[in-house]
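Chain by chain, the residues run as shown.
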Amino acid sequence: AAKSKGAGRTALFTAAMHAEAVRRFEIETDLRAAIEDEAFELHYQPIVTLADRAVVAFEALLRWRRADGRLEMPDAFIPAAEKNGLIVAIGTWVLREACRTAARWRAQLGGRHFHLSVNIAPQQFQQPNFTDQLCAILLETGADPRNICLELTESAAMVNPAHAAATVARLRQLGLRVSVDDFGTGYSALAHLQHMPVDTLKIDRSFITAQQAGNADWAIVGAMTQLAEALQLNVVVEGIESDYQLGELERMGCGYGQGWLFGRPMAEADAYRMIAASADGTRAEGAGPADGADQS
Ligand code: C2E
Ligand code: MG
Ligand code: MG
Ligand code: MG
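Under an unreviewed UniProt entry, the name given to the protein chain is EAL domain-containing protein, and the source organism is Sphingomonas changnyeongensis.

J.: Outline the packing of aromatic side chains, listing residues and values.
T.: As enumerated under the stated definition, the model contains 10 aromatic pairs in all. A centroid spacing of 5.4 Å and a plane angle of 80° characterise the contact between Trp-64 and Phe-77, whose relative ring orientation is edge-to-face. Here Trp-64 is found in strand E2 (residues 55–65), whereas its partner Phe-77 is found in the loop between strand E3 (71–72) and helix H2 (78–84), with 13 residues between them in sequence. Neither Trp-64 nor Phe-77 differs from the other in exposure class; each is buried. Grouped by ring-pair contacts, the aromatic residues Tyr-44, Phe-58, Trp-105, Phe-114 and Tyr-272 constitute a single cluster. Cation over ring: Arg-66 sits above Trp-64, and NZ or CZ is 3.9 Å from the ring centre. For the cation-ring pair, Arg-264 lies above Trp-260, with the distance from its terminal atom to the ring centre recorded as 3.9 Å.

J.: Residues and numbers for the coordination of the magnesium ion (ligand 4), please.
T.: On the protein side, the magnesium ion (ligand 4) has Asp-182 (OD), Asp-204 (OD) and Glu-238 (OE) as donor atoms, found 2.2 to 2.5 Å from it. When the donors of the magnesium ion (ligand 4) are listed by position in the chain, the intervening gaps give D-x21-D-x33-E. Between the magnesium ion (ligand 4) and the magnesium ion (ligand 3), both coordinated by Glu-238, there is a metal-metal distance of 3.1 Å. One end of the pair, Asp-182, is in strand E6 (residues 177–183); the other, Glu-238, is in the loop between strand E8 (234–237) and helix H10 (243–252), and 56 residues separate them in sequence.

J.: Explain H10 to me, and be specific about the residues and the numbers.
T.: Along H10, the residues that are buried comprise Gln-245, Leu-246, Glu-248, Leu-249 and Met-252. Buried positions in H10, seen along its axis, are confined to an arc of 165° and lie on one side of it. Turned more than 90 degrees away from the buried face of H10, the exposed residues are Asp-243 and Arg-251.

J.: Explain the environment of Gly-263 to me, and be specific about the residues and the numbers.
T.: With respect to the helices, strands and loops of the structure, Gly-263 is situated in the loop between strand E9 (256–258) and helix H11 (268–279). By relative accessible area, Gly-263 is classed as buried at 0%. Sequence separation of Gly-263 and Ala-57 is 206 residues, and the distance between their C-alpha atoms is 12 Å.

J.: Pulling in residues and values, what's your account of the nonpolar core?
T.: Counting 81 residues, the largest nonpolar core has Leu-31, Phe-40, Trp-105, Phe-125, Leu-150, Ile-240 and Leu-249 as the members making the most contacts within it. In terms of residues, this core owes the most to one element, helix H3 (residues 87–109), which gives 12 residues. For Ile-240, the residues in contact, after removing those within four places along its chain, are Leu-50, Ile-208, Gln-245, Leu-246, Leu-249, Gly-257, Gln-258, Gly-259, Trp-260, Leu-261 and Phe-262.

J.: With reference to specific residues and values, describe the packing of helix H5 (residues 130–141) against helix H7 (residues 161–173).
T.: Between H5 and H7, the least distance of the axes is 11 Å, while the angle of their chain directions is 20°. For the element pair H5 / H7, the angle class is roughly parallel. Note that H5 runs across H7; the crossing there is right-handed. Taken together, the residues of H7 that come into contact with H5 (itself represented by Phe-130, Thr-131, Asp-132 and Leu-134) are Thr-167, Arg-170 and Leu-171.

J.: Talk me through the pattern of salt bridges; I want residue IDs and the actual numbers.
T.: All chains considered together, the criterion is met by 20 salt bridges. Between Arg-66 and Asp-30 there is a salt bridge, with the nearest N and O atoms lying 2.9 Å from each other. Taken together, the positions of Arg-66 in the loop between E2 and E3 and Asp-30 in helix H1 (residues 2–37) put the pair 36 residues apart, joining distant regions of the chain. We classify Arg-66 as buried; its relative accessible area is 19%. You can call Asp-30 partly exposed: its relative accessible area is 33%. Where Glu-72 meets Arg-66, a salt bridge forms, and the shortest distance between an N and an O atom there is 2.7 Å. By the burial criterion, Glu-72 is buried, and Arg-66 matches it. Through salt bridges that share partners, Asp-30, Arg-66, Asp-68, Arg-70 and Glu-72 make up one connected network.

Cut-off values and rules
Residues numbered from 1 in each chain as written. Chains lettered and ligands numbered in written order. Predicted model: local features only at pLDDT ≥ 70, side-chain atom pairs only at ≥ 80, totals over all residues. Heavy atoms only, no water. Phe/Tyr/Trp six-rings, centres within 6.5 Å; stacked < 30°, edge-to-face > 60°. Helix = DSSP H or I, 4+ residues; strand = E, 2+ residues; numbered from the N terminus. Buried < 20%, exposed > 50% of the residue type's maximum accessible area, 1.4 Å probe, protein only. Lys NZ or Arg CZ within 6 Å of the ring centre and 35° of its normal. Donors = N, O, S within 2.8 Å, 3.2 Å for Na, K, Ca; no water. Arc of directions from axis to C-beta. Core = buried A, V, L, I, M, F, W, Y, C linked by side-chain atoms within 4.5 Å. Contact = heavy atoms within 4.5 Å. Axes fitted to C-alpha atoms, helices over the stretch in contact; angles between N-to-C directions. Parallel < 35°, antiparallel > 145°, perpendicular 65-115°, else oblique. Left-handed = near helix turned anticlockwise from the far one by under 90°. Salt bridge = Lys/Arg side-chain N within 4 Å of Asp/Glu carboxyl O.

Have a look at this one:
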C-alpha cells in the first residue's frame, strides 16, 4: 500500500511538473511571437514634484497586448522572460520605443525639460554591449540622452558591483540619469551606494503602505530620505495613493512622487497631453485617464 501511495505521489508530482513545463513552453512561444509581431505597448505614469505636483517625468511601463485584446501586466510575463532570456530582446524593444517617444516629445515640447524613465532588467544591464546598444538606439531615434533615465534594481548592481559602477559612470557621462528602483527591497544597498554614481533613489511602495502616524515604516522612509540627502540624490516615492501618505512624505521633505493619486499609467497621447499641460502650469490631480487594465 505504502509503495503504491508513493508511486501515486510521484505520478502527481510528475504531472504537476509536466503542466508547469508546458505552461513555460507556451509562454515562451507566445513571447517569441509577441517580439516578432511587436505586440507590446508602453504606458506612461507621471512623476511629480511633491511640493506643487508639477509633472516633470514619466515612467514607461510595459504591457503585452494579447491576440484577444487583453492587456497582460508585467508581473504576469516578466519573470518568465527573465528565466528564458527573452527579457533582453524585450528590453531592447522597450528602450527603442521609449527613446522614440522621448524624441517626439522633445520636438513637440520646444526645449522644455522632462525625463522618461525606462526599467532595465538585470540581465539586460549585464550584457557586455549594453551601453553600445543604448548609444546606437539614441542615435537611431534621435533621442537626447538628457531626457532618458534608466531604472536599475539593486540586484542588477550586485552581481558585479565594480563593473556596474563603471557602467553607471559611463551612462552618466553620456548625459543619462540612473536611478535605483525598488530601493530598500534588495540586499546591502547601503554599502555599495556610495560607490555607485546614480542620481535618484526610488523608494519602493511597500514602505508607504502604513496608514497611521508612528508606524515604523515611516521612520524607515525618513531614514532613506536623509540618506539620499546626505548622498545628494533625488528621491522618488512610489505608490502614493492617498492624501495622508502625501502629507507624511511632504513633511519628510521627499522631492518627488509617483502613484495613483497623481495619475495611473496611461496611453502615450494622454501622457503627452498631461506633460504639455503641466508646462502651462496645470497640476496633476486625481487618477486621471487610464486604460482598462490600469484602472483596476
Ligand atoms: P516598478 O518599476 O516598481 O513600477 C511601478 C509599479 O507600481 C507599476 O506596476 C505601477 O503601475 C505600479 N504603481 C504605480 N503607482 C501605484 C499606486 O499608487 N498603487 C499601486 N498599487 N501600484 C502603483 P506595473 O506596471 O504592473 O509594473 C510592475 C513591475 O514590472 C515594475 O515595477 C517593473 O519592475 C516591471 N516592469 C515594468 N515595465 C518594465 C520594462 O519595460 N522592463 C522591465 N525589465 N521591467 C518592467
Ligand atoms: Mg520602475
Ligand atoms: Mg519601482
Ligand atoms: Mg516597486
